[in-house]
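# Architecture and fold: a report
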Amino acid sequence: MSLFLGPMRQHIPGKKELTEKSGLLHLMPKKEVYIPLVAGRTLDFDILVQEGDTVSVGTKLAETKSGFYVPIYSSVSGTYKGIVKRMHNSLRPQNHMVIECDFKQTKVQSFAPLDWQSATREECVDFVKNAGIVGLGGAGFPTYVKYMKPDGVDYVLINAVECEPYLTADHQLMLEHAEEIMVGVSILMKAVKVNKAFIGIENNKPDAIELMTKVASSYAGIEVVPLKVKYPQGGEKQLI
């Protein structure tokens, strides 16, 4: 008997109406940013800037010495003030680089841009590697590693369910950045050598389903799939 669909199922109020009409917010710190020197289990980094250096948004601050390669870039512009140890979401004190903000948000090009449509599969994976993209599930696993050997992959599945009560960030992201999402999905399809991708969205987001379906029609092989509203629909096994 399924606890999710059977007679013992429990309805969890979504409370989505509290924020589902609110736009994405762009926040700035009041004074300083603390950037953790943590990449999964790796704590050993080469520091690429000196205390007192001026940095911009996109300045490479550090990179791992061992294990999987992970670069760390500045998310603000300002002055690098050194390293302090403070609590981290790993529940233990970790080293953090301190950037004192100048609130100008000047930017630099971190690395050369890539035309993903003419690039090879390997070049797309290297781009993800150089961008320092890691998973947000807690382990911080580098994303590029998952795409290095894509043998046996049939489809790309995109989890746009957001079944948890109160959360609406993914919903709003689809409404404001649908085109960029489709480009990202197309790049992932190329990286794993498949011609089909599915984007799963729960039926309580009809505006996102409508917009994403419309935008996906211009991209080969991408299909938006409306799903029943149930918890935990966004879990990996439930989604599959």
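Right, let's walk through the structure included here. (Residues numbered from 1 in each chain as written. Predicted model: local features only at pLDDT ≥ 70, side-chain atom pairs only at ≥ 80, totals over all residues. Heavy atoms only, no water.)

## A look at unusual backbone geometry
Residue Pro232 is bonded to the preceding Tyr231 through a cis peptide linkage, with omega at 5°. If you trace the backbone, Pro232 turns up in the loop between strand S10 (222-227) and helix H5 (236-239). The backbone of Lys15 sits at a positive phi, close to 55°, despite the residue not being glycine. Checked against the element boundaries, Lys15 lands in the segment before strand S1 (32-36). Located in the positive-phi region is Gln105, a residue other than glycine, with phi close to 50°. Take Gln105: it is sitting in the loop between strand S7 (93-101) and helix H1 (121-131). (Helix = DSSP H or I, 4+ residues; strand = E, 2+ residues; numbered from the N terminus.)

## What to know about the sheet that holds strand S4 (residues 60-64)
Read across the sheet, three strands follow the order S2-S4-S5 without closing on themselves; strand pairing throughout is antiparallel. What marks the edges here is a single partner per strand, and that holds for strand S2 (45-47) and strand S5 (71-73). Taking each pair of neighbouring strands and ignoring which way they run, the sheet shows an average axis angle of 25°. (Pairing = 2+ DSSP bridges. Axes fitted to C-alpha atoms, helices over the stretch in contact; angles between N-to-C directions.)

## As for the pairing of S4
Here S2 runs beside S4; their pairing, made up of three bridges, is antiparallel. The residue bridging Ile47 from the neighbouring strand is Ala62, located in S4. Pairing between S4 and S5: three bridges, direction antiparallel. Looking at the pairing, Lys60 lines up with Tyr73 of S5.

## Side note on helix H2 (residues 169-176)
Considered for burial, the residues of H2 that qualify are His171, Gln172 and Met174. Buried residues of H2, seen end-on, are gathered within an arc of 155° and therefore sit on one face of the element. At its buried positions, H2 is contacted by helix H3 (178-191), strand S9 (197-202) and helix H4 (206-216). (Buried < 20%, exposed > 50% of the residue type's maximum accessible area, 1.4 Å probe, protein only. Arc of directions from axis to C-beta. Contact = heavy atoms within 4.5 Å.)

## A look at the packing of H2 against H4
Across the interface, H2 lies against H4 with an axial gap of 9 Å and an inter-helix angle of 35°. Seen along the crossing, H2 lies across H4 with a hand that is left-handed. Between H2 and H4, the residues in contact are His171, Met174 and Leu175 and Asp207, Ala208, Leu211 and Met212, respectively. Along the lines of polarity and charge, the residues of the contact of H2 with H4 split into five nonpolar, one polar and one charged. (Left-handed = near helix turned anticlockwise from the far one by under 90°. Nonpolar A, V, L, I, M, F, W, Y, C, P; charged D, E, K, R; others polar.)

## Quick word on the side chain of Glu202
By secondary structure assignment, the location of Glu202 is in strand S9. With a relative accessible area of 1%, Glu202 lands in the buried category.

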